[in-house]
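If you want the building blocks of each chain, they are given just below.
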Amino acid sequence: MVSRPVPTTRADYRAFRTLTTRWMDNDIYGHMNNVVHYSLFDSAVNGWLIEEGVLDIAGGDQIGLVVETGCRYFSEMAFPDTVTAGLRVARLGTSSVRYEVGLFRNDETQAAAEGFFVHVYVDRRSRRPTPVGDALRMALESIAT
């Protein structure tokens, strides 16, 4: 018998961002559609990177491309819930990083969903992998586990 994983808690994460759900996030079954979880992961990580001053979406020389992603669901969320995204870096390589994100419904302490994605950092023009820049590396190390 395979045991079900236990959800992470807020204490397992290093940085947090508050995100709002929208009316259109609910599906016909009355809960947040699974594709919305991925959008929240992406918004949480990129919003944090922008706030830290290490991502310039309009003109930066280096950008992160998602090459792998996944999600595990534990409980439902729906509009008008407020979602807190907990962020951490699980692996930091030369040009890649694995982010892990827990989505917490309202004031709940256990994650309703947990996801990950891997960014490979590339040169904006050539789209070839480049080493993570010093400022970005420092920011990522600050939330590494």
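Look above for the structure.
Numbers given to residues run from 1 along each chain, matching the order in which its sequence is written. In keeping with the model being predicted, local features are shown solely for residues with a pLDDT of at least 70 and side-chain atom pairs are shown and tallied solely at 80 or more, while totals for entire chains, interfaces and linings include all residues. Neither water nor hydrogens contribute to the side-chain values; these are computed over all heavy atoms in the structure.

(A) Inspection of the overall build of the protein chain at higher detail. Runs of E in the DSSP output that reach at least two residues are strands. Runs of H or I that reach at least four are helices, and both are numbered from the N terminus. When helices and strands are counted, the protein chain shows two helices and five strands. Secondary structure elements in the protein chain, listed N-terminal to C-terminal, are β-α-β-β-β-β-α. The globule rule is 2.2 Å times the number of residues to the power 0.38, and the radius of gyration it is compared with is taken over C-alpha atoms. Scaling as 2.2 N^0.38, a compact globule of 145 residues should have a C-alpha radius of gyration of about 15 Å, and the protein chain matches this with 16 Å. By principal-axis analysis of the C-alpha atoms, the protein chain measures approximately 45 × 35 × 25 Å. Within the protein chain, the fraction of its 145 residues that count as buried is 42%. Contact between two residues is taken to exist if any of their heavy atoms lie within 4.5 Å; hydrogens are not considered. When contacts within the protein chain are restricted to residue pairs at least 6 apart in sequence, long-range pairs at least 24 apart make up 73% of them. Summed over all atoms, the accessible surface of the protein chain reaches about 8,100 Å², with 52% contributed by carbon and sulfur. Distance between charge centres in the protein chain, computed from 15 positive and 18 negative side chains, equals 5 Å. Working definition: with a 1.4 Å probe on protein chains only, accessible area under 20% of the residue-type maximum means buried, over 50% means exposed, and in between means partly exposed. We get accessible surface area from the Shrake-Rupley algorithm with a probe of 1.4 Å; when it comes to residues, only the shown protein chains can shield them. As used throughout, the charge tally considers Lys and Arg to be positive and Asp and Glu to be negative, leaving His and the chain termini uncounted. By convention, the charge on Lys lies at NZ, on Arg at CZ, on Asp at CG and on Glu at CD.

(B) Representation of the nonpolar core. Definition of nonpolar core: a set of buried residues of the types Ala, Val, Leu, Ile, Met, Phe, Trp, Tyr and Cys, connected through side-chain atoms within 4.5 Å. The biggest cluster of nonpolar side chains holds 29 residues, and the ones touching the most others in it are Trp-48, Leu-49, Leu-87, Tyr-99, Leu-103 and Leu-140. Elements supplying a minimum of two residues to this core: strand S1 (15-20), helix H1 (34-51), strand S3 (82-92), strand S4 (96-105), strand S5 (113-123) and helix H2 (134-141). Sorting elements by how many residues they give to this core places H1 first, with seven residues. Other than its neighbours up to four places away in sequence, Leu-140 contacts Trp-48, Leu-49, Val-89, Leu-92, Val-97, Tyr-99 and Val-132.

(C) Examining H2 more closely. Within H2, burial applies to Leu-136, Ala-139 and Leu-140. Around the axis of H2, the buried residues are gathered within 95 degrees of arc, so they sit on the same side. The outward face of H2, more than 90 degrees from its buried face, is lined by the exposed residues Asp-134, Ala-135 and Met-138. Turning to H2, the residues buried within the fold contact H1, strand S2 (62-73), S3, S4 and S5. Think of the arc as the fan of directions from the helix axis to the C-beta atoms.

(D) Just the pairing of S3, in detail. The pairing criterion for strands is at least two bridges between them, as found by DSSP. The pairing of S1 with S3 spans six bridges and is classified as antiparallel. Along S3, the bridge assignment pairs Leu-19 with Val-83. In this structure, S3 lies alongside S4, joined through nine bridges in antiparallel fashion. Considered in S4, the bridge of Leu-87 is made with Val-101. Taken together, S3 and the strand that follows it, S4, pair antiparallel across an intervening segment of three residues.

(E) Layout of the packing of aromatic side chains. Centre distance within 6.5 Å is the pairing criterion for rings of Phe, Tyr and Trp, where only the six-membered ring of Trp is used; planes under 30 degrees apart are then read as stacked, over 60 as edge-to-face, and the remainder as tilted. With the rule as written, the count across this model stands at four aromatic pairs. Between the aromatic rings of Trp-23 and Phe-79, the centroid separation amounts to 5.9 Å while the plane-to-plane angle is 85 degrees, which identifies the pairing as edge-to-face. Pair noted here: Trp-23 is in the loop between S1 and H1 and Phe-79 is in the loop between S2 and S3, with a separation of 56 residues, a long-range link. For Trp-23, a relative accessible area of 67% translates into the label exposed. Taking the relative accessible area as the measure of exposure, Phe-79 reaches 33% and is therefore partly exposed. Summarising the aromatic geometry, the rings of Tyr-38 and Phe-41 are spaced 5.8 Å apart at their centres and angled 75 degrees between planes, so their arrangement reads as edge-to-face.

(F) How the structure looks around the sheet that holds S1. Spatially, five strands are ordered S1-S3-S4-S5-S2 in an open sheet, and the strand pairing comes out antiparallel. Both outer strands of the open sheet, S1 and S2, are each paired with one neighbouring strand and no more. Strand-to-strand twist of the sheet, defined as the mean angle between neighbouring strand axes without regard to direction, takes the value 25 degrees. In the sheet, S4 pairs with S5 via eight bridges, with the strands oriented antiparallel. Across the sheet, Glu-100 pairs through a bridge with Phe-116, a residue of S5. Lying over the sheet, H2 contacts S2, S3, S4 and S5, oriented at roughly 115 degrees with respect to S3. Here the axes come from fitting lines to C-alpha atoms, over the contacting stretch only for helices, and the angles between their N-to-C directions go from 0 to 180 degrees.

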